[in-house]
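# Secondary and tertiary structure notes
These are the residues of each chain, in order.
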Amino acid sequence: LKLKIDRFKEVEKEVKSRLIESMKSNNLKEYTANGTKFIYVPEGDRSIVDTQALKDAYIYDVYARQTPVKASLRFKFN
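Read on for a plain summary of the structure. The shown structure was predicted, so the numbers you read here are calculated from the model rather than taken from an experiment. (Residues numbered from 1 in each chain as written. Predicted model: local features only at pLDDT ≥ 70, side-chain atom pairs only at ≥ 80, totals over all residues. Heavy atoms only, no water.)

Here the phi dihedral of Asn 27 falls at roughly 55°; this positive angle occurs in a residue that is not glycine. Of note in this structure, Tyr 58 is not a glycine but carries a positive phi near 60°. Here Tyr 58 is to be found in the loop between helix 2 (51-56) and helix 3 (60-63). Residue Tyr 58 is classed as exposed on the basis of its relative accessible area, which comes to 72%. (Helix = DSSP H or I, 4+ residues; strand = E, 2+ residues; numbered from the N terminus. Buried < 20%, exposed > 50% of the residue type's maximum accessible area, 1.4 Å probe, protein only.)

Next comes the structure, spelled out in structure tokens:
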């Protein structure tokens, strides 16, 4: 069973890589097949806030706020 799982993961990586390259080369941002939507997100830089550094400097709690969040349901197809 472990060998099958490992093989499925390898195939998944290969298919994902091919799909990324294909969408990139054909300049496609979205593709829908059999009710599944594939969205290509190009590589790039992402800005993040170092919350630990803010906490260490005792600044985080001054600017942190809480907001109510409604219940939701998420679906993820992998």
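Turning our eyes to something else, we now look at the environment of Glu 30. One can find Glu 30 in strand 1 (residues 30-33). We classify Glu 30 as partly exposed; its relative accessible area is 45%. For Glu 30 and Tyr 40, which are 10 residues apart along the polypeptide, the C-alpha to C-alpha distance reads 6.1 Å. Not counting the four nearest positions on each side in its chain, Glu 30 is found in contact with Met 23, Lys 37, Phe 38 and Ile 39. Looking at Glu 30, its side chain comes within polar contact range of the side chain of Lys 37, at 3.5 Å. (Contact = heavy atoms within 4.5 Å. Polar contact = N/O pair within 3.5 Å; in protein donor to acceptor, adjacent residues only side chain to side chain.)

One pass over the full model with this rule turns up 1 aromatic pair. Ring plane angle 25° and centroid distance 6.3 Å describe the contact between Tyr 31 and Phe 38, whose orientation is recorded as stacked. On the basis of relative accessible area, Phe 38 is assigned to the partly exposed category, the value being 31%. Sitting over the face of the ring of Tyr 60, Lys 55 holds its NZ or CZ atom 4.9 Å from the ring centroid. (Phe/Tyr/Trp six-rings, centres within 6.5 Å; stacked < 30°, edge-to-face > 60°. Lys NZ or Arg CZ within 6 Å of the ring centre and 35° of its normal.)

The subject of this paragraph is a nonpolar patch on the surface. On the surface, Leu 28, Tyr 31 and Phe 38 cluster together to form a nonpolar patch covering roughly 260 Å² of accessible area. Mapped onto the fold, Leu 28 is located in the loop between helix 1 (2-25) and strand 1. (Patch = residues over 30% accessible without salt bridge, like charges linked within 9 Å, V, L, I, M, F, W, Y side chains within 5 Å. Areas by Shrake-Rupley, 256 points an atom, 1.4 Å probe, with all protein chains shown as cover. Salt bridge = Lys/Arg side-chain N within 4 Å of Asp/Glu carboxyl O.)

Further remarks concern the pairing of strand 1. Bridge count for strand 1 against strand 2 (residues 36-39) is 4 bridges, and the pairing is antiparallel. Bridging across to strand 2, Ala 33 finds its partner in Thr 36. The hairpin turn running from strand 1 into strand 2, its antiparallel successor, is 2 residues long, and Asn 34 in that turn takes a positive phi close to 50°. (Pairing = 2+ DSSP bridges.)

Don't take any of this as a statement about function, it's just geometry.
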